[in-house]
Amino acid sequence: MIETAIYIHIPFCDHKCIYCDFYSIITYENITNYLSVLKKEIANYATQFAHQRKIISIFFGGGTPSLMEAGYIGEIIEEVKRKFSVNDDAEITLETNPGTVTKQKLSEFKNAGINRISVGIQSFDETDLKFLTRIHDSETAKQTIRDAYEVGFENLSLDLIFNLPNQTKEKWKKNLEEAIKLPIKHISAYSLILEQGTILNKMVLDGKVKMQDIEHDADLYEFTIDFLTSNGFEQYEVSNFAKPGFQCVHNNAYWHYKEYLSFGTSAHSFANGKRWWNLSSTRFYIDAMNKKGNAVAGEETLTQDQMLDEYVMLALRSSGLDLDILEHKFENNWYERNKSTIDEYIAQELISLTNGKLVLTAKGFVVCDELLLHFR
Ligand code: SF4
């Protein structure tokens, strides 16, 4: 059986945050149509892909999936379970924004089949939250986590963003301190990235906002690794930290180069050596699904070399590169070709080689992108 992850994109949002480049819309007129074509897409793909696959995770991302009623999410889960073979212990995650859920609604999500909540908090600092144009304040964010815990969600994650304009190390430290006081098992900590086409990008171009430099970014990142690893979280990917036993199955599917099927507007899939992606407009997605039963906007077949590069990059960004598995999968002499670079990185304590596995050190994670450029 091929272990496969499923991603469902729910594009609806309350408003557009200034830094966001995810596909999202703030009109709700197509919510009902969207549900029916999502179910159609799931059923159509199942005829082609359900055979010999075990679904290990279902992840509702967005957008703001927690804006939907629990019944809406429940119908999608049921459809996936009807059409695919879903593991009994599959991880089923709902991205949740504070300010969109009550304790009662969280309980309903649990009854609908959700077993992991990932809360988009971004910061516990009121000034940062206002700057990021989030709809919630710090107390609402904390209460969302407490409510989720109290209704029985043990597997709780939160997202934070660092290197915000004017964010000092002291301010960032306070964020991390607030985070670990909460009953969470997982933290994703991302550096603020200036994405083209966002409102923030325009603000920077217009000189209204000044981004911080990369040295400060690296300093905050190093501090994050130190702080979280000394407080019971293990780093299992560049930006992700978990208490033992709570690594995100869905994220690991991407990083361990497992296959994934994705449904909804702008969703990307990867299976059978091919990658394809859906139309990036909810209206066009719905039209295409109704007219021809799929909404694929483009696809590519990966060459062995592309797959090798991606495999190496994803493994090194996460739990490490097992050289035996690599050789077995690709038979490409990758290690021999890169031995001198690896030896240099080992000497600089950027990477370690233990029992045939290459793993980035904390120092290596800080310069991960730069390191990866030198492998061939
Ligand atoms: S809530 Fe999330 S998806 Fe929606 S605009 Fe804000 S960052 Fe983007």
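Report follows, based on the coordinates.

### A few points about the packing of aromatic side chains
On inspection of all chains with the given rule, the structure shows 18 aromatic pairs. With centroids separated by 5.0 Å and ring planes inclined at 40 degrees, the aromatic side chains of tyrosine 257 and phenylalanine 270 adopt a geometry described as tilted. Here tyrosine 257 is found in the loop between α9 (249-255) and β9 (259-263), whereas its partner phenylalanine 270 is found in strand β10 (residues 268-271), with 13 residues between them in sequence. In this structure, tyrosine 257 and phenylalanine 270 share a single accessibility class: buried. A ring pair is formed by tyrosine 311 and phenylalanine 330, whose centres lie 5.6 Å apart and whose planes are at 55 degrees; its orientation type is tilted. Taken together, the residues span a long stretch of sequence, with tyrosine 311 in helix α11 (residues 304-317) and phenylalanine 330 in helix α12 (residues 323-330) at a distance of 19 residues. By relative accessible area, which is 9% here, tyrosine 311 ends up buried. When its relative accessible area of 12% is taken as the criterion, phenylalanine 330 is described as buried. Feature note: the residues Tyr254, Tyr257, Tyr260, Phe270, Tyr311 and Phe330 constitute an aromatic cluster, connected by ring pairs. Of note, arginine 275 hangs over the ring of phenylalanine 270, and the distance from its end group to the ring centre comes to 5.4 Å.

### Some words on the sheet that holds strand β14 (residues 351-354)
Overall, antiparallel pairing links the 3 strands, which are arranged β13-β15-β14 in an open sheet. Unpaired on one side and paired on the other, β13 (321-322) and β14 mark the two borders of the sheet. The pairing of β13 with strand β15 (residues 357-360) spans 2 bridges and is antiparallel. Paired with aspartate 322 across the two strands is lysine 357, which belongs to β15. Strand contacts of helix α13 (residues 334-347): β13, β14 and β15, with the helix running at about 120 degrees to β14, the strand carrying the most contacts.

### Looking at the site of the ligand
The ligand sits among Cys13, His15, Lys16, Cys17, Tyr19, Cys20, Ser24, Gly63, Thr64, Asn97 and Arg134. Here the shell around the ligand is built from residues that sort into 4 nonpolar, 5 polar and 2 charged.

### Quick look at the side chain of lysine 105
With respect to the secondary-structure elements, lysine 105 resides in helix α3 (residues 103-111). Separated by 3.4 Å, the side chain of lysine 105 and the backbone oxygen of threonine 100 make a polar contact. With near-sequence residues (within four places) excluded, lysine 105 lies in contact with Ser66, Leu67, Met68, Glu69 and Thr100.

### A short note on the pairing of strand β4 (residues 116-122)
Within β4, 7 of the 7 residues are buried, which leaves the element mostly enclosed by the surrounding structure. Side chains of β4 alternate between two faces, with Arg116, Ser118, Gly120 and Gln122 and Ile117, Val119 and Ile121 buried alike. With 6 bridges connecting them, β4 and strand β5 (residues 155-162) associate as parallel partners. Following the sheet pairing, arginine 116 is matched in β5 by asparagine 155.

Quick notes on the rules
- Residues numbered from 1 in each chain as written.
- Predicted model: local features only at pLDDT ≥ 70, side-chain atom pairs only at ≥ 80, totals over all residues.
- Heavy atoms only, no water.
- Phe/Tyr/Trp six-rings, centres within 6.5 Å; stacked < 30°, edge-to-face > 60°.
- Helix = DSSP H or I, 4+ residues; strand = E, 2+ residues; numbered from the N terminus.
- Buried < 20%, exposed > 50% of the residue type's maximum accessible area, 1.4 Å probe, protein only.
- Lys NZ or Arg CZ within 6 Å of the ring centre and 35° of its normal.
- Pairing = 2+ DSSP bridges.
- Contact = heavy atoms within 4.5 Å.
- Axes fitted to C-alpha atoms, helices over the stretch in contact; angles between N-to-C directions.
- Near = heavy atom within 4 Å.
- Nonpolar A, V, L, I, M, F, W, Y, C, P; charged D, E, K, R; others polar.
- Polar contact = N/O pair within 3.5 Å; in protein donor to acceptor, adjacent residues only side chain to side chain.

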